[in-house]
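As a plain string of letters, each chain reads:
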Amino acid sequence: MPARDETGMTQQLPATDDLEQIAARVDAAVAAVAGLEPAAQTVALELKQAIEAFHKLALTTMVRHLKHDPRGKELLLELVADPAVYAMLLMHGIVRADPITRARRVLDSARPYMQSHGGDAELIDVRDGVAYLRLHGSCNGCSLSAFTLRKHVEEVLLREVPEITRLEVVNDQPAPAMLRAEAQTHPDPAKGWVQGPAVTAVPPGQMISFTTDQTSVLIVNLENRLSAYRNACAHQGRPLDGGVLDPANGTLTCPWHGFCFDVTSGECLTAPQAQLEPFPLRVVDGMIWVRPL
Ligand code: FES
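- As recorded by an unreviewed UniProt entry, the protein carries the name Rieske (2Fe-2S) domain protein and is attributed to Chloroflexus aurantiacus.
- Its UniProt record gives the protein the following Function (unreviewed entry) comment, quoted word for word: "May be involved in the formation or repair of [Fe-S] clusters present in iron-sulfur proteins."

Right under this line is the structure:
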């Protein structure tokens, strides 16, 4: 309700730029509407829907125009990094979370069922239409129940994330880009493998960058699990090695504009369509080898 001053004139309430406060106001208003008479509820909901439709129309037009201009695309990416803008676009279905994020959500919703049968599944990556999963407990193995659980996971993932066309189960071991037992075969430089720093140069909770002939590579050690990425932010390609690594949360925050990444998957937690570029990594004789693609 607009406030009134002593003259009885209505005054604009002070605008708040705090997303949580605004969300709380919306929630409170929606709860208040639920307590109205049915006729008043209908009017209030119609007003809400009409305003939302108006916003969606204008936002869709703005995004469409921005997408058709290279400078606009850049600006759009910056705008989507803002939590309020992202929440608004997501609410209107104008942006969608990326397939990895959606697949994670689907797995989260399937988890109670899996766990009630003693199993679990962990999404490692989604690439070229393939979801890579690691299975645990009774999801793993050759039993009928393992088959049934895998089938269930496959069905929900393919149905809810159309970009995924098949699943691939990886060994119940650390992911390929993580520190693992010394590789059996020596990386072949003729096949693009490049020797980087010694493992001891990247203690747990730290990162280091090094440069090959053409590529700057970032190595991150999270609890003795090594990951290699192109040392370039998915936002504007600027170096990430001056960023802030938060081992407790497993995140890396870009020093330039604050995009935040999951360091084990490279997934951007700020702008879901962005992703760090991972490189294969091996450890041989205590040395880190990577293959910049
Ligand atoms: S370059 Fe802009 S957030 Fe990283």
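Now that the structure is up, let's keep going.
Focus: the nonpolar core
Okay, step 1: Counting residues in each nonpolar core, the largest one holds 18 residues, and the members touching the most others are Leu240, Leu252, Phe259 and Phe261.
Okay, step 2: Ranked by the residues each element gives to this core, the list is headed by strand E8 (residues 216-222), at 3 residues.
Okay, step 3: In this view, Phe259 contacts Leu77, Ala81, Cys233, His235, Leu252, Thr253, Cys254, Cys268, Thr270 and Ala271; residues no more than four positions away in its chain are not counted.
Okay, step 4: By size, the runner-up hydrophobic cluster in this structure holds 17 residues, among which are Leu107, Leu123, Leu135 and Leu157.

Thoughts on the sheet that holds strand E14 (residues 281-284)
Okay, step 1: Pairing in this open sheet of 3 strands is antiparallel, and the strands run E6-E15-E14 from one edge to the other. Single-partner strands in this sheet number two, and they are strand E6 (194-198) and E14. Ignoring which end each strand starts from, the neighbouring axes of this sheet average 30 degrees apart.

A closer look at the pattern of salt bridges
Okay, step 1: For the structure on display, the rule yields 10 salt bridges.
Okay, step 2: When the shortest N-O distance is used, the salt bridge between Glu154 and Lys151 registers 3.7 Å. Pair noted here: Glu154 and Lys151 are both in helix H6 (residues 144-160), with a separation of 3 residues, about one helical turn.
Okay, step 3: Judged by its relative accessible area of 26%, Glu154 is partly exposed.
Okay, step 4: Given a relative accessible area of 36%, Lys151 falls into the partly exposed group.
Okay, step 5: Across the pair Arg230 and Glu277 runs a salt bridge whose closest N-O atoms are separated by 2.7 Å. Linking Arg230 in strand E9 (residues 225-230) with Glu277 in the loop between strand E12 (260-262) and strand E13 (278-279), this pair joins segments that are 47 residues apart in sequence.
Okay, step 6: Residue Glu277 is classed as partly exposed on the basis of its relative accessible area, which comes to 30%.
Okay, step 7: One salt-bridge network, held together by shared partners, links Asp108, Arg111 and Asp120.

Conventions adopted
- Residues numbered from 1 in each chain as written.
- Predicted model: local features only at pLDDT ≥ 70, side-chain atom pairs only at ≥ 80, totals over all residues.
- Heavy atoms only, no water.
- UniProt positions renumbered as here; feature names shortened; annotations may be inferred.
- Core = buried A, V, L, I, M, F, W, Y, C linked by side-chain atoms within 4.5 Å.
- Buried < 20%, exposed > 50% of the residue type's maximum accessible area, 1.4 Å probe, protein only.
- Helix = DSSP H or I, 4+ residues; strand = E, 2+ residues; numbered from the N terminus.
- Contact = heavy atoms within 4.5 Å.
- Pairing = 2+ DSSP bridges.
- Axes fitted to C-alpha atoms, helices over the stretch in contact; angles between N-to-C directions.
- Salt bridge = Lys/Arg side-chain N within 4 Å of Asp/Glu carboxyl O.

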